[in-house]
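Each chain, written out:
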Amino acid sequence: MKSIIHYTKPSITELEVAYATDAARNGWGEKCYEYIHKFEEKFKEFTGAKYAIATSSCTGALHMGLAAIGVGPGDEVILADTNWIASAAPITYLGATPVFVDVLPDSWCVDPDAVEKAITPRTKAIIAVHIYGNLCDLDKLLALGEKYGLPVIEDAAEAIGSYWHGNKHAGSMGKFGVFSFHGTKTLTTGEGGMFITSDPELYEQVLTLSNHGRARGQTKQFWPDAIGYKYKMSNIQAAIGCGQMERIGDLIARKRQIFAYYQAGLADLSGVSMNPEPLNTQNGYWMPSVVFGKETGITREKLQVAFKNENIDARVFFYPLSSLPMFIEKSTNTNAWDIPNRAINLPSYHDITIQELDRVIEVVKKS
Ligand SMILES: *Cc1c(COP(=O)(O)O)cnc(C)c1O
């Protein structure tokens, strides 16, 4: 049996280990927030957002943000059908309904025209999820938000290193943005997330919510002013995050290198498309993916068997959320239902070798 090729795996160096060790040894008492604040500072600088709050997960960051903008029972929130459930679950936590719309065939991100058609008087927000690092059409979505008075939220969990119009980082353009530092993501703290915004009022609201409803200015001890949440990141996780932030340029560059290698290796294969990078944007390429054209007759099942036989952990493209048992609905989202049937995610961890990349390319080519 050939050695296994994992689909993702973190890159942890002596730097992260040293910071985590320091946090475990010294980061207590008055120093218990030191790495958290440093991590938030570095993240603000990197994304260009005015405010950042480190959280225990992206799901938690999204939950608090949606609560802060007032999403509640009876409301609808529009997002793409092609998604991981984490982008939709917080909507349901608040008693609101996720409305799943179709994706574009090339970016696999939400179709702005479908969003507009889905807007009703109950619509409270639009969530733009930058899937696999691919950017949503933010110009169109932000214009829709403007036209209908709806906040556009960016789920940039998979989009660190993705830039719109040259220098605008994913997550920094909407009402707020959220990120994930789960072990599979480009930057990891094991588990963790980040809430970013440039809106001072929203920041204060989420800060209060994140601390069990205790406002920053509240001088009375143990005095919450509202029911809040507990989605904080620990100082030890943030220490690892600080190490990762010092290496973020390298982490993203490697993702881009891996993508470029796959792209070059598969260039002469017809009927295959990969993550797009439209002019004047940069894709962080969290997850290089291949979608086979319908005419090729290649299916997810065939791909899964081919990769399994070579001991390569390639992952299936996200199933449409509208196909899951808790959401199941009749859907006219043809792209979201069709694309995953003929697509697969390719391994892309930092330390993957040329030989391993070549093994992956061989499997795709033989399919
Ligand atoms: C990973 C991911 C999340 C969830 O992140 P957690 O930190 O695990 O809560 C949310 N949205 C997207 C698009 C993701 O890829």
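Please refer to the structure higher up on the page.
Keep in mind that this is a model prediction, so the values were computed, not measured.

Student: Could you give me a rundown of the pattern of salt bridges, with the residues and numbers involved?
Tutor: Following the criterion strictly, the structure yields 12 salt bridges and no others. A salt bridge links Lys44 to Glu41, with the shortest nitrogen-to-oxygen separation between them at 3.0 Å. Highlighted residues: Lys44 and Glu41, both in helix 2 (residues 34-47), separated by 3 residues, approximately one helical turn. Between Asp313 and Arg315 there is a salt bridge, with its nearest N and O atoms 3.1 Å apart. One network of salt bridges, in which partners are shared, links Lys294, Asp338 and Arg342.

Student: Account for the side chain of Asp75, naming residues and giving values.
Tutor: Relative to the elements of secondary structure, Asp75 occurs in the loop between helix 3 (58-68) and strand 2 (76-80). The charged side chain of Asp75 is buried without a salt bridge, its nearest counter-charge being Lys124 at 4.4 Å. Non-local contacts of Asp75, meaning those with residues more than four positions away in its chain, are made with Gly70, Ala96, Thr97, Arg122 and Lys124.

Student: Describe the site of the ligand, and please don't skip the residues or the numbers.
Tutor: Looking at the ligand, the residues that line it are Ser57, Cys58, Thr59, Ala86, Ser87, Val129, Asp155, Ala157, Glu158, Ser180, Lys185 and Gly192. Between the ligand and Cys58 there is a distance of 2.9 Å, counted from an oxygen atom to a backbone nitrogen or oxygen. Within the contact set of the ligand, an oxygen atom lies 2.5 Å away from a side-chain nitrogen or oxygen of Thr59. Considered on its own, the ligand offers 390 Å² of accessible surface; in the complex 92% of this is hidden by protein. Here the residues of the shell around the ligand sort into 4 nonpolar, 5 polar and 3 charged.

Student: Give a detailed account of the sheet that holds strand 1 (residues 51-55), specifying residues and quantitative values.
Tutor: In sheet architecture, strand pairing relies on hydrogen bonds along the backbone and comes in two forms, parallel and antiparallel. Strand order in this open sheet of 7 strands is 1-9-8-5-4-2-3, and the pairing throughout is mixed. Looking along the sheet, the strands with just one partner apiece sit at the ends: strand 1 and strand 3 (97-101). The mean angle between the axes of side-by-side strands here comes to 20°, regardless of whether they run parallel or antiparallel. Across 4 bridges, strand 8 (residues 176-180) lies against strand 9 (residues 193-197) in antiparallel orientation. When the sheet's bridge partners are listed, Val178 is paired in strand 9 with Phe195. Where helix 3 meets the sheet, it contacts strand 1, strand 4 (123-129), strand 5 (152-155), strand 8 and strand 9, and its direction lies at approximately 160° from that of strand 8.

Rules behind the numbers
- Residues numbered from 1 in each chain as written.
- Predicted model: local features only at pLDDT ≥ 70, side-chain atom pairs only at ≥ 80, totals over all residues.
- Heavy atoms only, no water.
- Salt bridge = Lys/Arg side-chain N within 4 Å of Asp/Glu carboxyl O.
- Helix = DSSP H or I, 4+ residues; strand = E, 2+ residues; numbered from the N terminus.
- Buried < 20%, exposed > 50% of the residue type's maximum accessible area, 1.4 Å probe, protein only.
- Lys, Arg positive; Asp, Glu negative; His and termini not counted.
- Contact = heavy atoms within 4.5 Å.
- Near = heavy atom within 4 Å.
- Polar contact = N/O pair within 3.5 Å; in protein donor to acceptor, adjacent residues only side chain to side chain.
- Areas by Shrake-Rupley, 256 points an atom, 1.4 Å probe, with all protein chains shown as cover.
- Nonpolar A, V, L, I, M, F, W, Y, C, P; charged D, E, K, R; others polar.
- Pairing = 2+ DSSP bridges.
- Axes fitted to C-alpha atoms, helices over the stretch in contact; angles between N-to-C directions.

All quantities given are derived from atomic positions and should not be read as evidence of function.
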